[in-house]
Amino acid sequence: MKKIRSIGAAVLHILLYYGAQLAVIFICSLAYVIRRVGDFYVGGTLKDKELAEALNAFLEDNNYLLLIIFDIVFIFSLFIIFKARGKKLLHEIGAYKTSPLNILPLVTLGFSLNILISAFISFFPDAWLKAYEESSSSVSSATGVVAVIAISFVGPLTEEILFRGLVFTRLSRGIGVYAGAVISAVIFGFAHGNLVWGIYAGILGLI
């Protein structure tokens, strides 16, 4: 029973995360359509194809802002849910204080792993690497304060809260630390979509 409850809790937190994404995208899309629908009525006929293209462009142009919004919605939802249950978010995600002396070795480990894994994926098939480079170019070419905040701070922080803070801790309670680490890392990898990104993120997530 404990195992089922732990796995169920991990799944529910993942669903909440993606549910927050869908809710924000839906609400923003609906607001955009309501505001712009009048612009696409020509001769009493709605140019629905042009409206859909304009909506897609709007979502693409504001994807990093939307990322920040639904990450904030997700974290706020967690705060409300745990508070209603008489629990603290930081405690539930396994956050704890550590000595500043621990930070330098962790940063060094992170950079070292980044170099090693980058060398490792260079041996992947060309088709995999091409898809990886195309995906990476859209991120590396992102500019502006909103994009930097989304990519460097809000996005990674939310991923850690979800996958290491909630999914891993719940799975480890039900199926053990090692199995929980492996499964949460695999899920983390799949969440990145791209195959190479997934392997890269999965290995780092496991370690």
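Residues numbered from 1 in each chain as written. Predicted model: local features only at pLDDT ≥ 70, side-chain atom pairs only at ≥ 80, totals over all residues. Heavy atoms only, no water.

**Looking at helix 7 (residues 145-175)**
Roughly 35° is the biggest bend found in helix 7, and it falls at I151. A positive backbone phi angle near 100° is found at G176, which sits one or two residues after helix 7. (Bend = angle between axes of the 7 residues up to and from the residue. Helix = DSSP H or I, 4+ residues; strand = E, 2+ residues; numbered from the N terminus.)

**So, the layout of surface pockets**
Taken as a whole, the largest pocket holds about 2200 Å³ of empty space. Counting only elements with at least two residues in the lining of the largest pocket, the list comes to helix 1 (2-36), helix 3 (63-84), helix 5 (103-121), helix 6 (126-140), helix 7, helix 8 (177-190) and helix 9 (195-206). Of the residues forming the lining of the largest pocket, the biggest block, 14 residues, is contributed by helix 7. Looking at side-chain class alone, the lining of the largest pocket contains 31 nonpolar, 15 polar and four charged residues. Counted as a void, the second largest pocket has a volume near 260 Å³. Lining the second largest pocket are K2, R5, S6, A9, H13, F82, R85, K87, E92, R170 and R173. (1 Å grid on protein atoms, 1.4 Å probe; cavity = no way out; pocket = protein on both sides within 12 Å on 5 of 7 lines; lining within 4 Å. Points joined across faces, edges and corners; volume = space filled by probe spheres on them. Nonpolar A, V, L, I, M, F, W, Y, C, P; charged D, E, K, R; others polar.)

**Let's talk about the packing of aromatic side chains**
For the structure shown, the criterion picks out five aromatic pairs. Considering the side-chain rings of Y32 and F58, the 4.6 Å spacing of their centres and the 15° angle between planes classify their relative orientation as stacked. Here the residue Y32 occupies a position in helix 1, and F58 occupies one in helix 2 (residues 48-61), the gap between them amounting to 26 residues. Since its relative accessible area comes to 23%, F58 is described here as partly exposed. Put simply, the rings of Y17, Y18 and F74 touch in pairs and so form one group of aromatic residues. Cation over ring: R164 sits above F188, and NZ or CZ is 4.4 Å from the ring centre. (Phe/Tyr/Trp six-rings, centres within 6.5 Å; stacked < 30°, edge-to-face > 60°. Buried < 20%, exposed > 50% of the residue type's maximum accessible area, 1.4 Å probe, protein only. Lys NZ or Arg CZ within 6 Å of the ring centre and 35° of its normal.)

**What about the pattern of salt bridges?**
Between side chains of opposite charge, a pair can form when the charged atoms approach closely. All told, the structure shown has three salt bridges when counted by the stated rule. The closest approach of N and O atoms between R164 and E160, which form a salt bridge, is 2.8 Å. With R164 and E160 both in helix 7 and four residues apart, the pair spans about one turn of that helix. (Salt bridge = Lys/Arg side-chain N within 4 Å of Asp/Glu carboxyl O.)

**Description of the environment of H91**
Inspection of the secondary structure assignment puts H91 in helix 4 (residues 89-92). Note on H91: relative accessible area 60%, which makes it exposed.

**Description of the nonpolar core**
Core analysis: the biggest nonpolar cluster contains 17 residues, and F74, L78, L162, L166 and V167 have the highest contact counts within it. Within the residue set of this core, elements represented by two or more residues are helix 1, helix 3 and helix 7. Per-element accounting of this core gives the leading share, six residues, to helix 7. Other than its neighbours up to four places away in sequence, L162 contacts H13, I14, Y17, F74 and V167. With nine residues, the next largest nonpolar core counts F40, L51, L55 and L66 among its residues. (Core = buried A, V, L, I, M, F, W, Y, C linked by side-chain atoms within 4.5 Å. Contact = heavy atoms within 4.5 Å.)

It is worth stressing that arrangement in space is one thing and function is another; only the former is reported here.
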